[in-house]
Amino acid sequence: YLIYKLIMNFLKSVKVGQAYTKYTIPLSNLFLIRWHPKAVTENHGHDGKQCDFIVLKGVLHECRHLKGPSTRYRWQALHPLKMNSINDNEGTHQIFNFDDKEKWSIHRYY
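Everything numeric in this text was worked out from a predicted model, so none of it was measured.

Rules behind the numbers
Residues numbered from 1 in each chain as written. Predicted model: local features only at pLDDT ≥ 70, side-chain atom pairs only at ≥ 80, totals over all residues. Heavy atoms only, no water. Pairing = 2+ DSSP bridges. Helix = DSSP H or I, 4+ residues; strand = E, 2+ residues; numbered from the N terminus. Axes fitted to C-alpha atoms, helices over the stretch in contact; angles between N-to-C directions. Buried < 20%, exposed > 50% of the residue type's maximum accessible area, 1.4 Å probe, protein only. Contact = heavy atoms within 4.5 Å.

Quick notes on the sheet that holds strand β8 (residues 91–96)
Part 1 of the argument: The antiparallel open sheet is built from three strands, whose spatial order is β6-β5-β8. Only two strands of the sheet have a single neighbouring strand rather than two, namely β6 (72–78) and β8. Between one strand axis and the next, the sheet turns through 20° on average, direction left out of account.
Part 2 of the argument: As judged from the six bridges shared by strand β5 (residues 60–66) and β8, these two strands associate in the antiparallel manner. Bridged to Leu-66 within β8 is Gly-91.

Structural data, given as structure tokens:
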């Protein structure tokens, strides 16, 4: 527990609405995200960047709003330790934590 507290105090954090807290990992383009219980993000893109992410703890859910001639959606469960990627050319997405427990993921933007 002490090590956890030291690490969390070292990382710069930003709370994003009621959905999650994003921790910046210094000297990198990596971010640790703590998903709050019952979290739902807005439908969002990534400002032209590639976003690679891995769920570390728990299962999150994603709804992708795919680009194309007609509106298409794709739902998927995001399981731990599986690489996921999205960029603005593919479309936008929303992330959901349907559970009463917090979840964790790590993200890289480039």
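Let us keep going from here.
Brief notes about the environment of Ala-77
Part 1 of the argument: Tracing the chain through its elements places Ala-77 in strand β6.
Part 2 of the argument: A relative accessible area of 30% means that Ala-77 is categorised as partly exposed.
Part 3 of the argument: Once the C-alpha coordinates of Ala-77 and Phe-96 are considered, the two residues, 19 residues apart in sequence, prove to be 9.5 Å apart.
Part 4 of the argument: Aside from chain neighbours lying at most four places away, what touches Ala-77 is Val-59, Leu-60 and His-61.

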